[in-house]
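Spelled out from the first residue to the last, the chains are:
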Amino acid sequence: MQLNSIECYKIAFNLANYVWNVVIKWDYFAKDTVGKQFVRAVDSVSANIAEGFGRFGKKDKINFYRYSYGSVKESLDWNEKSKIRNLLNKEQYSHIFQELDKLPKSIHQLIKFTDLKLDH
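These numbers come from a predicted model, not from an experiment.

1. Observations concerning the pattern of salt bridges
Now for step 1: In this structure the tally under the stated criterion is seven salt bridges.
Now for step 2: Among the ionic pairs, R55 bridges to D60, the shortest N-O distance being 3.1 Å.
Now for step 3: Using a relative accessible area of 30% as the deciding quantity, one classes R55 as partly exposed.
Now for step 4: Relative accessible area serves as the criterion here: at 30%, D60 is assigned to the partly exposed category.
Now for step 5: We note a salt bridge from K58 to D115, for which the minimum N-O separation is 3.4 Å. Within this pair, whereas K58 is found in helix α3 (residues 58-84), its partner D115 is found in helix α4 (residues 90-117), the two being separated by 57 residues in sequence.
Now for step 6: The network of salt bridges with common partners includes E51, R55 and D60.

In structure tokens, the structure reads:
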């Protein structure tokens, strides 16, 4: 199995780049306050999946996948704040929300797969 073949990684990686391209166009104050944290949260979803994938032990892998799950929840919070503060248009908000909404189930499937397939 390759990292790029993991569904939740592909979704998270593409979403992180999408959010970057949206936030980079915001004004300085919005970028410096909400934007940096939103980008970091979304970036950490795929980054933690990648780090977990690179670990050798089952517990270590699953731990990083769980961090990724937490970053999804943080990203949902930043998406809501960005919408309420009129930083995202409806299409941007909806796209980000729909992609984030796919991730918990996909990450859970990765955790379950890892738990079943690895011995230690």
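Following the structure, the description resumes.
2. Here's the deal with the nonpolar core
Now for step 1: V19, W26, F38, I49, L103 and I107 are the most contacted members of the largest nonpolar core, which totals 33 residues.
Now for step 2: When contributions to this core are tallied by element, the ones reaching two or more residues are α1 (7-23), α2 (28-54), α3 and α4.

Conventions and cut-offs
- Residues numbered from 1 in each chain as written.
- Predicted model: local features only at pLDDT ≥ 70, side-chain atom pairs only at ≥ 80, totals over all residues.
- Heavy atoms only, no water.
- Salt bridge = Lys/Arg side-chain N within 4 Å of Asp/Glu carboxyl O.
- Buried < 20%, exposed > 50% of the residue type's maximum accessible area, 1.4 Å probe, protein only.
- Helix = DSSP H or I, 4+ residues; strand = E, 2+ residues; numbered from the N terminus.
- Core = buried A, V, L, I, M, F, W, Y, C linked by side-chain atoms within 4.5 Å.

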